[in-house]
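Chain and residue survey
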Amino acid sequence: MGSLILVATPIGNLGDLAPRAIEYLRTAGMVCCEDTRRTGMLLHNLGIDAKLLRVDEHTEFQSISRVIDILMSGHNVCLVTDAGSPGISDPGSRLVAAVVEQGHNVSAVPGPAALIMALIISGLPSDRFVFDGFLPRRGGERTERLGEIGRQTRTTILYEAPHRLVRTLEDLAAHCGAERKVAICRELTKIHEEVWRGTLSAAVQHYSSHDPQGEFVLVLGGAPAPLPSTDLDIDRALKDRLADGCSTRDAASQVADLLGVSKKLAYERALHLQSGLKPSG
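So, a few notes on the structure that sits alongside this text. Since the model is a prediction, treat every value here as computed from it, not as a measurement. (Residues numbered from 1 in each chain as written. Predicted model: local features only at pLDDT ≥ 70, side-chain atom pairs only at ≥ 80, totals over all residues. Heavy atoms only, no water.)

What follows covers the pattern of salt bridges. A pair can form between side chains of opposite charge whenever their charged atoms are brought close. A full pass over the atoms with the stated rule returns 12 salt bridges. Residue Asp132 pairs with Arg145 through a salt bridge whose shortest N-O separation is 3.2 Å. Of this pair, Asp132 sits in strand β6 (residues 129–134) while Arg145 sits in helix α6 (residues 139–151), placing them 13 residues apart in sequence. (Salt bridge = Lys/Arg side-chain N within 4 Å of Asp/Glu carboxyl O. Helix = DSSP H or I, 4+ residues; strand = E, 2+ residues; numbered from the N terminus.)

Let's shift gears to the packing of aromatic side chains. We describe a pair of aromatic rings using the distance from one ring centre to the other and the angle between the two ring planes. Taken as a whole and judged by the stated rule, the model has 4 aromatic pairs. A centroid spacing of 5.7 Å and a plane angle of 65° characterise the contact between Phe134 and Tyr159, whose relative ring orientation is edge-to-face. You can see Phe134 sitting in strand β6 and its partner Tyr159 sitting in strand β7 (residues 155–160), a full 25 residues away along the chain. Given a relative accessible area of 41%, Phe134 falls into the partly exposed group. Given a relative accessible area of 13%, Tyr159 falls into the buried group. Summarising the aromatic geometry, the rings of Tyr207 and Phe216 are spaced 6.0 Å apart at their centres and angled 90° between planes, so their arrangement reads as edge-to-face. Note on Tyr207: relative accessible area 4%, which makes it buried. Judged by its relative accessible area of 3%, Phe216 falls in the buried class. (Phe/Tyr/Trp six-rings, centres within 6.5 Å; stacked < 30°, edge-to-face > 60°. Buried < 20%, exposed > 50% of the residue type's maximum accessible area, 1.4 Å probe, protein only.)

Where α6 meets helix α7 (residues 165–176), the axes come as close as 9 Å, and the angle between the chain directions of the two elements is 55°. Taken together, the axes of α6 and α7 lie oblique to each other. The handedness of the crossing between α6 and α7 is right-handed. Judged by residue contacts, Arg142, Thr143, Leu146, Gly147, Ile149 and Gly150 of α6 engage Arg167, Thr168, Asp171, Leu172, His175 and Cys176 from α7. Grouping the amino acids of the contact of α6 with α7 by side-chain chemistry returns 4 nonpolar, 5 polar and 3 charged. (Axes fitted to C-alpha atoms, helices over the stretch in contact; angles between N-to-C directions. Parallel < 35°, antiparallel > 145°, perpendicular 65-115°, else oblique. Left-handed = near helix turned anticlockwise from the far one by under 90°. Contact = heavy atoms within 4.5 Å. Nonpolar A, V, L, I, M, F, W, Y, C, P; charged D, E, K, R; others polar.)

Okay, the pairing of strand β10 (residues 216–220) next. Taken across its 5 residues, β10 has 5 buried, putting it largely inside the fold. The alternating pattern of β10 places Phe216, Leu218 and Leu220 on one face and Val217 and Val219 on the opposite face, and all of these are buried. Two strands pair when backbone bridges link them, and β7 and β10 are joined in this way by 5 bridges, in the antiparallel orientation. Paired with Glu160 across the strands is Phe216, a residue of β10. (Pairing = 2+ DSSP bridges.)

A separate point is the side chain of Glu34. Locating Glu34 in the fold gives a position in the loop between β2 (30–33) and α2 (36–45). Buried within the structure, Glu34 lacks any salt-bridge partner; Arg38 is the closest side chain of opposite charge, at an N-O distance of 7.3 Å. Within the local environment of Glu34, its side chain forms a polar contact with the side chain of Thr81, the two groups lying 2.4 Å apart. Of the polar contacts made by the side chain of Glu34, one reaches the backbone nitrogen of Asp82; its length is 3.0 Å. The contacts of Glu34, once residues within four sequence positions are left out, are Arg54, Val55, Asp56, Val80, Thr81, Asp82, Asp90 and Pro91. (Lys, Arg positive; Asp, Glu negative; His and termini not counted. Polar contact = N/O pair within 3.5 Å; in protein donor to acceptor, adjacent residues only side chain to side chain.)

Turning next to the side chain of His104. With respect to the element layout, His104 can be found in the loop between α4 (93–101) and β5 (105–109). Every residue in contact with His104, bar those within four places of it in the chain, is listed here: Met1, Gly2, Ile68, Leu71, Met72 and Val99.

Moving on: helix α10 (residues 248–259). Counted at 1.5 Å a residue, the expected span for α10 with its 12 residues is 16 Å, and the 16 Å between its end C-alpha atoms agrees. Listing the buried residues of α10 in full gives Thr248, Ala251, Ala252, Val255 and Ala256. All buried residues of α10 project into a common sector of 130° when viewed along the axis, lining one side. Exposed and facing more than 90 degrees away from the buried side of α10 are Arg249, Asp257 and Leu258. (Expected span 1.5 Å × (residues − 1). Arc of directions from axis to C-beta.)

The values are spatial; any link to function lies outside them.
Right, dumping it as structure tokens:
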């Protein structure tokens, strides 16, 4: 049986394509790609004539059976994205899952990934990080995600389009604080590669006076670790929720999640407040 090979392709500089990647692309029974024209041009520049199958967000599910058939015939199938490593903010994960479920081998040729390059050159902590891809464009889902990022203590990496960059920076500043550190990476590995570093407020000012062009990766510093909650903090939060009509149990559960304290402690203090007794401690 053949193997599904995930092949990382350049994010800008053709010289970043690994020799092993070229060999797999040259010998594959099929190359799955997002855009047959873009991948066709890459293969043409490499002198490779391969069969291409479009696998994007609209066709990924339908392509599974065809890929499985090729693997069953004993040929390898390569999966590439337009740029970078397949399956990261791009189609591919459902295909990989289906191939694994059918018992076929899945391997990869590692290579360029914009999120990793941006992280390691950002100057921000890289020992623990979160990749959040593209933010939802509007509505409650966007607000919820921004709130999560605002509370995140690890470095967060985001992708953003140039025409939405300033709005996203403004929203991040509102949820994370104007002084949160950020590195904004543009056109990585390309001729006009640049990294802007500073605070979110300064980033808003800088890019509002420019016309953002190219592909952007945002690397955002984590939130400061929260200070331990005091008994007074717990009581104040409980009183607010009890005054809003929450039950003792619901108020305790919400405050425990909000302040990071045990539900048992929050519940005991809520009972004391409800009974009019001064909490111990």
